[in-house]
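Residue-level listing of the chains:
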Amino acid sequence: MSSDKINVAVAGVTSGLGNAIASALVNNPSVTVTLLTRALPSSSVPEVLKPLVKQGAILRPVDYASLEALIDALKGVHTIVSTLFTPQDTTPIDNLLKAAKAAGVKRFAPSEFAIAKEGNSVRQIHAKVAHWEAVKASGLEYTAFRNGMFMDYLAAGSSYTGPFRMFPLVVNVKERKAEIPGTGDDKVTFTTLTDIGKFVSAAVTLEKWSEEMGMSGETLTYNEIVRKAEEVLGEKITVTYIGVDDLKKRKSDAIEKKNTMVKFLMELYLDFTEGHGEIKDPYLNAATDVQPMTVKEFLQKYWSKA
């Protein structure tokens, strides 16, 4: 990249992931940061964004329903990193991509932060598949950032603070319980939101983007996660295993009851049992200087009694 600062716009900055990415970017001296937010009811800055604005980020309210307004807002932007996903109404993500191309944006990273493409249950949602295909056909340089699971779920019920919507997933450290899909011996990659932000911040300065760029805090099995949690707690965790047949039945029941969240979780758990939870090529770990937090370090931060 040139010595000029790169103007990076982040969409979805009030979410835990988008906020973590923006927080890392404002600390990158090679970058200027634009925060894309939906039009605000007043001139006040949302509390969650005040630290970013204080560090120099530019707050730019946008109307995602107005293609013309979006084009104007994106003039001068080099790279867009989006954490927006609106399956019920794809207008915001569709217009963001169209406006990016019309405004002369060079790079675009859609909201693909998850496990590997193959087996990724979120990709079964038609809107996301269609959007990814539109990104590939846009003519922009693009990438899909792959981070595996958010390690932050392991802090549910602790002193963890921030805009991330927290709930226990698979391992409930606070309650000393775990409900593990399959045998618990399938590898899954875990990365903290903070480290995802650092990897993305480093990636925006790379000369060339690959179609997919993986990253990894640490890759472990859920059985290993439980053992590490027990070591930190000094207590045993009660483990229940959910077999594949039971996962499929729960998924069918969720479909029948129109429970989209349970359906999604069962699909995700089935992905794990098929080996799709591991980021097999954590390219950004080798291509950047980021030193991510391990699972043991994360558990110690939020659950150590010392």
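Data block above holds the structure.
Nothing here was measured: the structure is a model prediction, and the numbers come from that model. Sequence order as written defines the numbering, with residues in each chain counted from 1. Whole-chain, interface and lining totals are the exception, using all residues; otherwise, since this is a predicted model, local features are given only for residues with pLDDT of at least 70 and side-chain atom pairs are given and counted only at 80 or more. With hydrogens and water stripped out, all remaining heavy atoms of the structure feed into the side-chain values.

A. Layout of the sheet that holds strand 8 (residues 149–150). Two strands pair if DSSP finds at least two bridges between them. In DSSP terms, a helix is any run of H or I states spanning at least four residues, a strand is any run of E spanning at least two, and both are numbered starting from the N terminus. If you walk across this open sheet you meet the three strands as 8-11-13, and the pairing is mixed. Strands with a single pairing partner mark the edges of an open sheet, and in this sheet they are strand 8 and strand 13 (218–221). Across four bridges, the pairing between strand 11 (residues 187–191) and strand 13 is antiparallel. For V188, the partnering residue across the bridge sits in strand 13 and is L220. Each of strand 8 and strand 11 is contacted by helix 6 (residues 193–203), which is oriented at about 75° to strand 11, the strand it contacts most. In this analysis, two residues are considered to be in contact whenever any of their non-hydrogen atoms come within 4.5 Å of each other. To obtain each axis, a line is fitted to C-alpha atoms, and for helices this fit is confined to the stretch in contact; angles are then taken between N-to-C directions over 0 to 180 degrees.

B. Representation of empty space enclosed by the protein within the structure. Definitions used for this entry: grid spacing 1 Å over protein atoms alone; cavity, a set of points where a 1.4 Å probe fits but cannot get out; pocket, an open set with protein on both sides within 12 Å along at least 5 of 7 lines; lining residue, one with an atom within 4 Å of a point. Grid points are joined across faces, edges and corners, and a volume is the space filled by probe spheres set on the points. Counting across every chain of the model gives two cavities of 30 Å³ or more. A volume near 50 Å³ is recorded for the largest cavity. Just so you know the grouping, Ala, Val, Leu, Ile, Met, Phe, Trp, Tyr, Cys and Pro go in nonpolar, Asp, Glu, Lys and Arg go in charged, and all remaining residues, Gly too, go in polar. Looking at the lining of the largest cavity residue by residue, the classes come out as eight nonpolar, no polar and no charged. Taken as a whole, the second largest cavity encloses approximately 40 Å³ of empty space. Surrounding the second largest cavity, L84, F85, I93, P110, S111, E112, K128 and H131 form its lining. Broken down by class, the residue content of the lining of the second largest cavity amounts to four nonpolar, two polar and two charged.

C. Here's a closer look at the packing of aromatic side chains. In this scheme Phe, Tyr and Trp rings, the latter by its six-membered ring, pair at centre separations within 6.5 Å, and the angle between planes marks the pair as stacked below 30 degrees, edge-to-face above 60, and tilted otherwise. Evaluation of the coordinates by the stated rule reveals 12 aromatic pairs. Centre to centre, the rings of F145 and W209 are 5.8 Å apart; their planes meet at 75°, and the pair counts as edge-to-face. Pair noted here: F145 is in strand 7 (residues 144–146) and W209 is in the loop between helix 6 and strand 12 (212–214), with a separation of 64 residues, a long-range link. Just as F145 is buried, W209 falls in that class too. Seen from their ring centres, Y269 and F272 are 6.3 Å apart, and the 25° between their planes marks the pair as stacked. Of this pair, Y269 and F272 both sit in helix 9 (residues 260–273), three residues apart, which is roughly one turn of the helix. Comparing Y269 with F272 shows no difference in burial state: the two are buried. Three or more aromatic residues link up through ring pairs in this structure, and these residues are F150, Y153, F164 and F167. Throughout this description, buried means an accessible area under 20% of the type-specific maximum (1.4 Å probe, protein chains only), exposed means over 50%, and partly exposed covers the range between.

D. Region of interest: the nonpolar core. Grouping buried Ala, Val, Leu, Ile, Met, Phe, Trp, Tyr and Cys residues that are joined through side-chain atoms within 4.5 Å yields what is termed a nonpolar core. Core analysis: the biggest nonpolar cluster contains 71 residues, and F145, M149, V171, V200 and Y222 have the highest contact counts within it. M149 has contacts with I115, L169, V188, T189, F190, T191, Y222, L268 and F272, leaving out every residue within four places of it along the chain.

E. Fine view of the sheet that holds strand 9 (residues 171–172). In space, the three strands of this open sheet follow the order 9-10-14, with mixed pairing throughout. At either margin of the open sheet sits one strand with a lone partner, and together these are strand 9 and strand 14 (238–242). Where strand 10 (residues 177–181) and strand 14 come together, five bridges link them in parallel fashion. Each bridged residue has a counterpart across the sheet, and for I180 the counterpart in strand 14 is Y241.

F. Seen up close, the packing of helix 1 (residues 16–25) against helix 6. Put simply, helix 1 and helix 6 touch, their axes get as near as 8 Å, and they point 50° apart. Classified by the interaxial angle, the pair formed by helix 1 and helix 6 is oblique. Viewed along their axes, helix 1 and helix 6 form a crossing whose handedness is right-handed. Along its contact with helix 1, which presents G16, L17, A20, I21, A24 and L25, the element helix 6 presents L193, T194, I196, G197, K198, V200 and S201. Class assignment of the residues belonging to the contact of helix 1 with helix 6 gives a composition of eight nonpolar, four polar and one charged. Roughly parallel refers to an angle under 35 degrees, roughly antiparallel to one over 145, roughly perpendicular to one between 65 and 115, and oblique to any angle outside these ranges. By convention, the crossing between two helices is left-handed when the near helix turns anticlockwise from the far helix through less than a right angle, and right-handed when the turn is clockwise.

G. Up close: the environment of A155. Checked against the element boundaries, A155 lands in the loop between strand 8 and strand 9. Sequence spacing of A155 and L84 is 71 residues, and the spatial spacing of their C-alpha atoms is 24 Å. Discounting chain neighbours no more than four positions away, the residues touching A155 are Y160, M166, F298, Y302 and W303.

H. A look at the pairing of strand 2 (residues 31–38). The element strand 2 is largely enclosed, with a buried count of six among its eight residues. Sheet topology places strand 1 (residues 6–11) next to strand 2; six bridges connect them, and they run parallel. Bridge pairing in strand 2 links A9 to T34. A crossover counts as right-handed when, viewed with the strands pointing away from the observer, the path leading from the first strand over the helix to the second turns clockwise. The parallel pair strand 1 and strand 2, bridged by helix 1, forms a crossover whose chirality is right-handed. Sheet topology note: the strand 2/strand 3 (residues 58–62) ladder contains five bridges and is parallel. When the bridges of strand 3 are listed, T34 appears paired with I58.

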